[in-house]
Amino acid sequence: MTSIEVQALTKEFGTRRAVDDVTFRVLPGRVTGFLGPNGAGKSTTMRLVLGLDRPTSGTATIGGRAYGTLDEPLRHVGALLDAQAAHGSRTGRDHLRTLAASNRIPVGRVDEVLEETGLASVARHRVRTYSLGMRQRLGIAAALLGDPQVVMLDEPSNGLDPEGIIWIRELLRRLAGQGRTVLVSSHLMNETASFADHLVVLGRGRLLADTPMREFIHARVQPAVRIRTTDPAALKDALARHGHDAVGHEDGHWTVHHARVEDIGRLASAAGVPLLELAAEEGTLEQAYLDLTSTETEFTAQPQEA
Amino acid sequence: MASTPAPHPFAPVLHSEWLKIRTLRSLLGALVALFAATTAFSALAGVSETSDPEFDPLFMSLSGVAPGQIAAICFGAMAVSSEFHGGGLRLSLAAVPRRGRWFAAKLCAIAVPTLAVGLVTAFTALVVARAGLGDAASGLSTGEQARGVVGCAIYLTLMALFAAGIAALLRSGVGALSLIIPFILVVSFVIGDATGAGVADFLPDRAGQAVLYETPDRTLGPWAGLGVTALWTAAALAAGAWSIRRRDA
């Protein structure tokens, strides 16, 4: 199987360490979300994997080989780095044809990916007439051109409309379901939560986390129970007897932290507290991410870089 | 994945680079401009009155190259600079990670059409200008005319490649053009006037233009002059290749 292996990778631009001794693996058959604020080193890491930038030290390989040694690499690895990379004066189809030709990919495949990305109707229009969302789709079409085992997309949902965001989510799930290795960078938490199985988090060039997404959330966000009652006094009393503490909110609902809905439900029933609402509040990726980043003090309130 | 690293064959890369040129209207436009400007100015030179006793009928016939070469330079610079558009180079080098091979294919895709259009252009310019010059050009031998046409096409190709090398070095077509075009239009003339013959005859454009004269009144002969231009071009391409190969994309 083809995985991406990043080993002790470091890249310095002048005195700034864009990527600082980062080690992780991206495995096939699942979608790995690549998280971090702008300037955290996500794009630089992707460029290093593609052999476009030279690492200061360390290695990045795909299936054990440096990208530069791959024969006809588009057939192994598809990448979207920048939706603006297509020349505005070319048609979308011609743009893909030039890429396909260099890796001996048949022209029929160009039309296939144009169809798959919903660009068939504008294939013969110039790229400069495309919206940002259409350019993203063209970039994704280019990444899929060689039917690669490894797909790396940098901020693919940028500029996509809601329909496009659903499309990309399903595409990523499908690619992983086919056993491919999928690495998708994003700074949008809810978006990433909707497609990722695994997370790699960078902050200021360093690796902050490399864990399955559910574990990442559960380790950082305690579950809570949302509850509403007509008799708050009885509820508080019943909870206090079992060592729980309820926090009231202005709209009348209560939150019980560090508790599971099964326990609170039974407890309220036994105490005869009338309930209007009882729900589990799952931790979100956003909460978990903020918890992680708040522990990285130097990480907060840093100026963003391009 | 292949277990043995097979070399990336050159032909598909060349095919891709040729497609890139064919699919950009501005590049095709530059080649059309090369033909149109050169032949039009040569035709004008052919019908204009000349009282200069030292007038050189071969250079007069090919004098349209002076403005025409700007189009060749634009073609070479733009063919390279179209890659530096919004991270386009990254896409190209992700498809062809062997950068030397990629740059060589790019240069072939610049050189071959320039040479072909240059040959047609020089031949047409000569025919058109001779029609205007009449007897004044009757002394030209077939060998001189053939040398003028072939040399002119090679000169234009070298200038296009020179611009390609500078554009790759500067990673900017505008940068390359704003360096080369003022140089050709102004600096070369000024140095030529100030120093007379000598130093100026070794400048990239003036050296190669020796091939356009029936009897070059210069330090360098026709082929030696073209050789000096070729050295300039080789230096520009080496610098451009260094930039492509060594720098982060």
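Here the structure is a predicted model, which means the values were calculated and not measured. (Residues numbered from 1 in each chain as written. Chains lettered and ligands numbered in written order. Predicted model: local features only at pLDDT ≥ 70, side-chain atom pairs only at ≥ 80, totals over all residues.)

1. Section: the nonpolar core
Inside soluble globular proteins, nonpolar side chains tend to come together where they are buried.
Reasoning step 1: Phe75, Ala163 and Ala164 of chain B are the most contacted members of the largest nonpolar core, which totals 151 residues.
Reasoning step 2: Looking at which element gives the most residues to this core, the answer is helix 7 (residues 142-170) of chain B, with 18 residues.
Reasoning step 3: Sequence-distant contacts of alanine 163 of chain B, that is, excluding residues within four places in its chain, are made with Ile73, Gly76, Ala77, Ala176 and Ile180 of chain B.
Reasoning step 4: In this structure, Ala224, Ala238, Leu239 and Val273 of chain A belong to the second largest nonpolar core, which totals 13 residues. (Core = buried A, V, L, I, M, F, W, Y, C linked by C-beta atoms within 7 Å. Buried ≥ 20, exposed ≤ 12 C-beta atoms within 10 Å, placed from the backbone. Helix = DSSP H or I, 4+ residues; strand = E, 2+ residues; numbered from the N terminus. Contact = placed C-beta atoms within 7 Å.)

2. Section: the confidence of the model for chain A
Reasoning step 1: In this model, chain A carries an average pLDDT of 91, and 96% of its residues clear a pLDDT of 70 or more.
Reasoning step 2: Across residues 297-306 of chain A the pLDDT falls below 50, and counting only partners more than four positions away or on other chains, this stretch makes 12 contacts in the model. (pLDDT = per-residue confidence, 0-100.)

3. Details of the sheet that holds strand 7 (residues 181-186) of chain A
Pairing between sheet strands relies on hydrogen bonds along the backbone, with the strands arranged either parallel or antiparallel.
Residue and element names in this part refer to chain A.
Reasoning step 1: Pairing in this open sheet of six strands is mixed, and the strands run 5-6-7-3-8-9 from one edge to the other. On the outer flanks of this sheet lie strand 5 (77-80) and strand 9 (206-212), each paired with one strand and no other. On average, each strand axis in the sheet is tilted by 15° relative to the strand beside it, whichever way the strands run.
Reasoning step 2: Bridging between strand 8 (residues 198-203) and strand 9 involves six bridges; their strand directions are antiparallel. Looking at the pairing, leucine 199 lines up with threonine 211 of strand 9.
Reasoning step 3: Relative to strand 6 (residues 150-154), helix 1 (residues 42-49) is tilted by about 145°, and along the sheet it contacts strand 3 (30-35), strand 5, strand 6, strand 7 and strand 8.
Reasoning step 4: Each of strand 3, strand 8 and strand 9 touches helix 7 (residues 213-220); the most contacted strand, strand 9, lies at about 105° to it. (Pairing = 2+ DSSP bridges. Axes fitted to C-alpha atoms, helices over the stretch in contact; angles between N-to-C directions.)

4. A short note on the packing of helix 7 of chain B against helix 10 (residues 222-246) of chain B
Residues and elements named next belong to chain B.
Reasoning step 1: Viewed as axis vectors pointing N to C, helix 7 and helix 10 meet at an angle of 25°, and their least axial separation amounts to 7 Å. Looking at the two axes, helix 7 sits roughly parallel to helix 10. Crossing handedness for the pair helix 7 and helix 10: left-handed. Taking contact as the criterion, the partners of Arg147, Gly151, Ile154, Tyr155, Leu158, Leu161, Phe162, Ala164, Gly165, Ile166, Ala168 and Leu169 in helix 7 are, on helix 10, Pro222, Leu226, Thr229, Ala230, Trp232, Thr233, Ala236, Leu237, Ala239, Gly240, Ser243 and Ile244.
Reasoning step 2: Looking at the contact of helix 7 with helix 10 residue by residue, the classes come out as 17 nonpolar, six polar and one charged. (Parallel < 35°, antiparallel > 145°, perpendicular 65-115°, else oblique. Left-handed = near helix turned anticlockwise from the far one by under 90°. Nonpolar A, V, L, I, M, F, W, Y, C, P; charged D, E, K, R; others polar.)

5. What to know about the confidence of the model for chain B
All names here are of chain B.
Reasoning step 1: When pLDDT is averaged across chain B, the result is 90; 93% of the residues are at 70 or more.
Reasoning step 2: The model gives residues 1-5 a pLDDT under 50, and that stretch makes six contacts with residues more than four places away or in other chains.
Reasoning step 3: Both scores are available for the predicted complex, with the pTM at 0.89 and the ipTM at 0.89.

6. So, the sheet that holds strand 4 (residues 57-62) of chain A
All names here are of chain A.
Reasoning step 1: Spatial ordering of the open sheet is given by 2-1-4, a layout of three strands whose pairing is antiparallel. Only two strands of the sheet have a single neighbouring strand rather than two, namely strand 2 (16-26) and strand 4. Taken pair by pair, the neighbouring strands of this sheet meet at an average axis angle of 20°, ignoring direction.

7. As for the interface of chain B and chain A
Reasoning step 1: With 29 residues of chain B in contact, the opposing surface of chain A contributes 32 residues.
Reasoning step 2: Elements represented by at least two residues in the side of chain B that touches chain A include exactly helix 1 (10-22), helix 2 (25-47) and helix 5 (88-95) of chain B.
Reasoning step 3: Residue composition of the side of chain B that touches chain A, grouped by class: 15 nonpolar, 10 polar and four charged.

8. Digging into the packing of helix 2 (residues 92-102) of chain A against helix 3 (residues 107-116) of chain A
All names here are of chain A.
Reasoning step 1: At their nearest, the axes of helix 2 and helix 3 sit 9 Å apart, and the two run at 135° to each other. With respect to helix 3, the element helix 2 is oriented oblique. As for how helix 2 packs across helix 3, the hand of that crossing is right-handed. The segment helix 2 lies against helix 3, with Gly92, Arg93, Leu96, Arg97 and Ala100 engaging Val107, Arg109, Val110, Val113 and Leu114.
Reasoning step 2: Among the residues forming the contact of helix 2 with helix 3, the class breakdown is six nonpolar, one polar and three charged.

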